[in-house]
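# Fold and geometry: a report
The chain contents come next:
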Amino acid sequence: DAGITQSPRHKVTETGTPVTLRCHQTENHRYMYWYRQDPGHGLRLIHYSYGVKDTDKGEVSDGYSVSRSKTEDFLLTLESATSSQTSVYFCAIRGGSGAFFGQGTRLTVV
Amino acid sequence: KQEVTQIPAALSVPEGENLVLNCSFTDSAIYNLQWFRQDPGKGLTSLLLIQSSQREQTSGRLNASLDKSSGRSTLYIAASQPGDSATYLCAVPGGTTSGSARQLTFGSGTQLTVLP
């Protein structure tokens, strides 16, 4: 399996609090992605990175920010969590052999 | 922009049947296409990656084909087994809001159930 880990795996947080999810890779891949997966919507891209400090928005980026200060780490921050951000979040990395996914983070905002 | 469609959304077959899952995409300027499997409550597992220079890729009972000109890919599963029950997704480079090949866009998946 590709070396990609997400943390935490589960989190419950309160509305209005900031939350940071971490994605760590050991593959030295250039591209890293954050997706959310919701019933009826499939996988939707939040933000992605194409290098250290190089990031761009996806189709559902409002309310989220990202940072990539090292090749191996890609952080997703919910600036002020809302109930609509309750979801399963997946990180992915992509290189010459394709894309590989982490196991996901189940986030519940109460 | 890239849009990916998978039909059917759900499929139920008896064990032992051969089956085909479909994936279509709108922007044919892709350099590869990848098929994934997702079990309930789990992450996505890569099954096959087809480069644009290839027409087929095989792994065990799975065979994926790619026809860029028509914007289609198929995933063929031979002699299906109950353990094949999962959601199958395809993904291509390109974005839904921009054509950037840096992005990766997914279809909504086909939920497969193989009945014993």
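### Considerations on the sheet that holds strand β3 (residues 19-25) of chain B
Residue and element names in this part refer to chain B. Pairing is antiparallel across the open sheet formed by five strands, whose spatial order is β1-β3-β8-β7-β6. Each having just a single partner strand, β1 (4-7) and β6 (56-59) make up the two edges of the open sheet. When the angles between neighbouring strand axes are averaged without regard to direction, this sheet yields 15°. Where β6 lies against strand β7 (residues 62-67), four bridges are found, and the strand directions are antiparallel. Residue pairing for β7: Thr58 is matched across the bridge by Asn63.

### Quick word on the pairing of β7 of chain B
Residues and elements named next belong to chain B. Hairpin remark: β6 followed by β7, antiparallel, with two residues in the connecting loop; positive phi at Gly60, about 60°. In this sheet, strand β8 (residues 72-77) lies alongside β7 in antiparallel orientation, the contact comprising six bridges. Counted as the bridge partner of Ser65 is Thr74 from β8. Following β7, the chain reverses through four residues before pairing antiparallel with β8; Gly71 in that reversal takes a positive phi of roughly 70°.

### A short note on the confidence of the model for chain B
Put simply, chain B has an average pLDDT of 92, and 97% of its residues get 70 or more. When pLDDT is averaged over each helix and strand of chain B, the minimum, 91, is found for strand β10 (residues 104-106) of chain B and the maximum, 98, for strand β11 (residues 110-115) of chain B.

### Observations concerning the interface of chain B and chain A
Much of the literature gives interface size as the accessible area that the parts lose upon coming together. Facing 20 residues of chain B, the contacting portion of chain A comprises 21 residues. Taken over both partners, the interface formed by chain B and chain A buries close to 1,700 Å², and the fraction arising from carbon and sulfur atoms is 52%. Summed over the shared surface of chain B and chain A, the result is zero salt bridges. Our count for the contact surface shared by chain B and chain A stands at six residue pairs in polar contact (both at pLDDT 80 or more). Listing elements by their share of the side of chain B that touches chain A, those giving two or more residues are β4 (32-38), β5 (44-51), β9 (86-93) and β10 of chain B. With four residues, β5 of chain B is the largest single contributor of residues to the side of chain B that touches chain A. Considered class by class, the residues forming the side of chain B that touches chain A number nine nonpolar, nine polar and two charged.

The rules behind these values
Residues numbered from 1 in each chain as written. Chains lettered and ligands numbered in written order. Predicted model: local features only at pLDDT ≥ 70, side-chain atom pairs only at ≥ 80, totals over all residues. Heavy atoms only, no water. Pairing = 2+ DSSP bridges. Helix = DSSP H or I, 4+ residues; strand = E, 2+ residues; numbered from the N terminus. Axes fitted to C-alpha atoms, helices over the stretch in contact; angles between N-to-C directions. pLDDT = per-residue confidence, 0-100. Contact = heavy atoms within 4.5 Å. Buried area = accessible area lost by both parts, 1.4 Å probe. Salt bridge = Lys/Arg side-chain N within 4 Å of Asp/Glu carboxyl O. Polar contact = N/O pair within 3.5 Å; in protein donor to acceptor, adjacent residues only side chain to side chain. Nonpolar A, V, L, I, M, F, W, Y, C, P; charged D, E, K, R; others polar.

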